[in-house]
Amino acid sequence: MAMNWDAVGAVGELAGAAAVIITLFYLALQVKQATSEARASARQAVAQMNVDSLVASFNPPILSAAAKKATRGEELTPDEHSNYVRWVLSRMRVFENAYYQHRRGLLDEEEWSGYKAIIAGLAGPTAYAHEHWKWAASSYSPSFVAEVQRILDSARPIPPTPPQVTREEHCL
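What counts and how
Residues numbered from 1 in each chain as written. Predicted model: local features only at pLDDT ≥ 70, side-chain atom pairs only at ≥ 80, totals over all residues. Heavy atoms only, no water. Salt bridge = Lys/Arg side-chain N within 4 Å of Asp/Glu carboxyl O. Helix = DSSP H or I, 4+ residues; strand = E, 2+ residues; numbered from the N terminus. Buried < 20%, exposed > 50% of the residue type's maximum accessible area, 1.4 Å probe, protein only. Axes fitted to C-alpha atoms, helices over the stretch in contact; angles between N-to-C directions. Parallel < 35°, antiparallel > 145°, perpendicular 65-115°, else oblique. Contact = heavy atoms within 4.5 Å. Nonpolar A, V, L, I, M, F, W, Y, C, P; charged D, E, K, R; others polar. Core = buried A, V, L, I, M, F, W, Y, C linked by side-chain atoms within 4.5 Å. Phe/Tyr/Trp six-rings, centres within 6.5 Å; stacked < 30°, edge-to-face > 60°. Lys NZ or Arg CZ within 6 Å of the ring centre and 35° of its normal. pLDDT = per-residue confidence, 0-100.

Chemist: Pulling in residues and values, what's your account of the pattern of salt bridges?
Modeler: Across all of its chains, the model carries six salt bridges by this definition. The salt bridge involving E74 is made with R72; its shortest N-O contact spans 2.9 Å. Two residues, E147 and R150, come together in a salt bridge whose shortest N-O distance is 2.8 Å. Taken as a pair, E147 and R150 lie in helix α6 (residues 142–154) at a separation of three residues, close to a single helical turn. Its relative accessible area of 11% is what places E147 among the buried residues.

Chemist: Any details on the packing of helix α2 (residues 60–72) against helix α3 (residues 78–103)? Residues and values, ideally.
Modeler: For the pair α2 and α3, the least separation of the axes is 8 Å and the interaxial angle reads 85°. Judged on the interaxial angle alone, α3 and α2 are roughly perpendicular. Seen from α2, the contacting residues are I62, L63, A65, A66, A67, K69 and A70; seen from α3, they are D79, E80, N83, Y84 and W87. In the contact of α2 with α3, the residues fall into eight nonpolar, one polar and three charged.

Chemist: Go over the environment of F95 with me, naming the residues and quoting the values.
Modeler: Here F95 lies in helix α3. Under the relative-accessibility criterion, F95 is labelled buried at 0%. Linking F95 and Y115, residues 20 residues apart in sequence, is a C-alpha distance of 6.9 Å. Among all residues touching F95, those that are not within four sequence positions of it are W112, Y115, I118, I119, L122 and F144.

Chemist: I'd like a rundown of the nonpolar core, residues and numbers included.
Modeler: Within the largest apolar cluster, 28 residues are counted, with the highest numbers of intra-cluster contacts made by Y84, M92, W112, I119, W133 and F144. Counting only elements with at least two residues in this core, the list comes to α2, α3, α4 (109–123), α5 (130–136) and α6. The element contributing the most residues to this core is α3, with eight residues. Ignoring anything within four residues of it in the chain, the contact list for I119 reads M92, F95, W112, G124, F144, V148, I151 and L152.

Chemist: So what's going on with the packing of aromatic side chains? Residues and values would help.
Modeler: With the rule as written, the count across this model stands at nine aromatic pairs. Plain terms: the ring middles of Y84 and Y128 are 5.8 Å apart, the flat faces sit at 75° to each other, and that makes the pair edge-to-face. Placement of the pair is Y84 in helix α3 and Y128 in the loop between α4 and α5, with a sequence separation of 44 residues. By relative accessible area, which is 7% here, Y84 ends up buried. Ring geometry for W133 versus Y140: centroids 5.0 Å apart, planes at 55°, classification tilted. When sorted by exposure, W133 lands in the same class as Y140, which is buried. Aromatic ring contacts, followed pair by pair, group F95, Y99, W112, Y115, W133, Y140 and F144 into a single cluster. The side chain of R93 reaches across the aromatic face of Y140, ending 3.9 Å from its centre.

Chemist: Requested: an account of the confidence of the model for the protein, with residues and values cited.
Modeler: Averaged over all residues, the pLDDT of the protein equals 81, while 81% of them reach at least 70. Within the protein, the element-level pLDDT minimum falls on helix α7 (residues 167–171), averaging 44, and the maximum on α6, averaging 93. With pLDDT under 50 throughout, residues 167–172 is counted as low confidence; its partners more than four residues away or in other chains account for two contacts.

Chemist: Lay out the packing of α4 against α6 in plain terms, naming residues and giving numbers.
Modeler: Orientation of α4 relative to α6, taken along the N-to-C sense of each, is 80°, at an axis distance of 9 Å. Taken as axis vectors, α4 and α6 run roughly perpendicular relative to one another. Mapping the contact onto sequence places W112, K116, I119, A120 and A123 in α4 and F144, E147, V148, I151 and L152 in α6. Counted by class, the contact of α4 with α6 contains eight nonpolar, no polar and two charged residues.

So, in structure tokens, the structure goes:
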């Protein structure tokens, strides 16, 4: 039986063409994945710069006092108010980035669920910074604003933290 070298050559060319096509699809997939990772990395860097610039403007002792007072529902001084609201908005920027990473599959559902509880506490209707979130929401991505609204709509109100009882008061 004689071998038909033309047929063998044609099969070889067909196999080679198929290998090239498969390789091109694989490379296209790799480029798409690399682009997605580069986009996520760039977004992370921009979010970090934004947060860093806000953090640089905080006054830690004032922010500490403000956070305690805000969680207890107490009135804040203008300096405390300014520090606390900027802190809340910087945290929301971090959460916006976390939401983006979650949507891209880079942050799992369990971790995102923890962030949702914090968002409800920071921006919920009973939270000190609620009105400021509503005012600043337009500076965040529309998809994140919609997610925050879903979180707030489904969250139970969180009552203010009771004042700390001192040792002396406890002993009375």
